[in-house]
Amino acid sequence: MTTWLPDLTQQRGPRYRAIADALAADITTGKLPTGSRLPTHRDLAYKLHVTVGTVSRAYAEAERRGLIGGEIGRGTFVRARVDSAPTPAPLATDWPRRYRHMRMHSCLHLLCAAVPAGVTGGSIGDGKGRLDFDAGETVLDKAAIEAKVNALIAQNLPVTSRWIDDAEMESRPELVRTMSVKPPSGQGRVRLMEVAGTDLQPCGGTHVRATGEIGAVRVDKIESKGKRNRRVSLSLVE
Ligand SMILES: [Zn+2]
């Protein structure tokens, strides 16, 4: 419907708001059903003896209220009504999957401790994960890294979190192992994850309570990604 013409005789206040109010009223009564196409700005302005700018403001106001929406090249339409009590969307955590992610995340912190190089990237997947290191000339030994990480796991070291303020974080740059990504600052505080006596770094992730929960892991491969970059991929041994 492009012939909609509001009755503004009962509306008070600025014209643009009167048009927006009339739109709202006609949508409520069903006179303008969902999907109705509204007149063009120019057309409505002509019929109401107002400026095009007034109609534009009215439509903008109605859009701000969620009543209508524009589609480029197609026009302006009445939106589906949003009930005041929306149906809650069901949310559920896939716990087994989440737990595998937690185990792998904690494991990557151990990998950080096992490889004496800056971290340039990483990824956590379901049951597997990887970190990229700026290893330079250092040759990374797959078997040695696997043995070291598994030894840290076997020690069942406590994994704990605490908060420090931005100032302390700033004064301890050695805490940041990731070379390319800086931890978020400006919130006043940063969360630190600590694997007792092994690794301490800012992290917002989910972790196990003690490294023993990780279980045995395997280093699958060490790849060369660039001149200095080495990618270490590992997986949980289920
Ligand atoms: Zn982390």
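Computed from a predicted structure; not experimentally measured.

Any details on the overall build of the protein? Residues and values, ideally.
Along the backbone of the protein there are 6 helices and 9 strands. Computed over C-alpha atoms, the radius of gyration of the protein comes to 30 Å, more than 25% over the 18 Å expected from 2.2 N^0.38 for 238 residues, which places it beyond the range of a compact globule. Taken over the C-alpha atoms alone, the protein extends approximately 85 × 35 × 35 Å along its principal axes. Buried residues in the protein amount to 28% of all 238 residues. In the protein, the share of contacts with a sequence separation of at least 24, taken over all contacts with a separation of at least 6, comes to 62%.

Mind laying out the domain arrangement of the protein, listing which residues take part and the relevant values?
Taken domain by domain, the protein consists of domain 1 (15-78) and domain 2 (95-236). Taken over C-alpha atoms, the centre of domain 1 sits 55 Å from the centre of domain 2.

Explain unusual backbone geometry to me, and be specific about the residues and the numbers.
For residues other than glycine, phi is negative in most cases, and the peptide bonds are mostly trans. The backbone of His 49 shows a phi angle near 60 degrees, a positive value even though the residue is not glycine. With respect to the helices and strands, the residue His 49 is situated in the loop between helix H2 (41-48) and helix H3 (52-64). On the basis of neighbour count, His 49 is assigned to the exposed category, with 9 C-beta atoms found within 10 Å.

Now, about the packing of H2 against H3: what can you tell me, with residues and values included?
Where H2 contacts H3, the axes come no closer than 8 Å and their chain directions differ by 115 degrees. Taken as a pair, H2 and H3 cross one another with a handedness that is right-handed. From H2, His 41, Arg 42, Leu 44 and Ala 45 reach across to H3, where they touch Val 52, Thr 54, Val 55, Ser 56 and Tyr 59.

Outline the pairing of strand S2 (residues 75-78), supporting the account with residue identities and numerical values.
Looking at chain direction, strand S1 (residues 68-71) and S2 are connected through 4 bridges and run antiparallel. Note that in S2 the partner of Gly 70 across the bridge is Thr 76. As consecutive antiparallel partners, S1 and S2 are separated by 3 residues, and within that stretch Gly 73 has a phi angle of approximately 85 degrees, a positive value.

Explain the pairing of strand S4 (residues 128-134) to me, using residue names and the numbers behind them.
Burial of S4 is extensive: 5 of the 7 residues sit out of reach of the surface. The sheet contact formed by strand S3 (residues 118-124) and S4 spans 6 bridges and is antiparallel. Among the inter-strand pairings, Ser 123 is bridged to a residue of S4, identified as Arg 130. Hairpin geometry of S3 and S4 is characterised by an intervening segment of 3 residues between the two adjacent antiparallel strands and by a positive phi of about 85 degrees at Gly 127.

The rules we used
- Residues numbered from 1 in each chain as written.
- Predicted model: local features only at pLDDT ≥ 70, side-chain atom pairs only at ≥ 80, totals over all residues.
- Helix = DSSP H or I, 4+ residues; strand = E, 2+ residues; numbered from the N terminus.
- Rg over C-alpha atoms; globule rule 2.2 N^0.38 Å.
- Buried ≥ 20, exposed ≤ 12 C-beta atoms within 10 Å, placed from the backbone.
- Contact = placed C-beta atoms within 7 Å.
- Domains from an automatic or database assignment.
- Axes fitted to C-alpha atoms, helices over the stretch in contact; angles between N-to-C directions.
- Left-handed = near helix turned anticlockwise from the far one by under 90°.
- Pairing = 2+ DSSP bridges.

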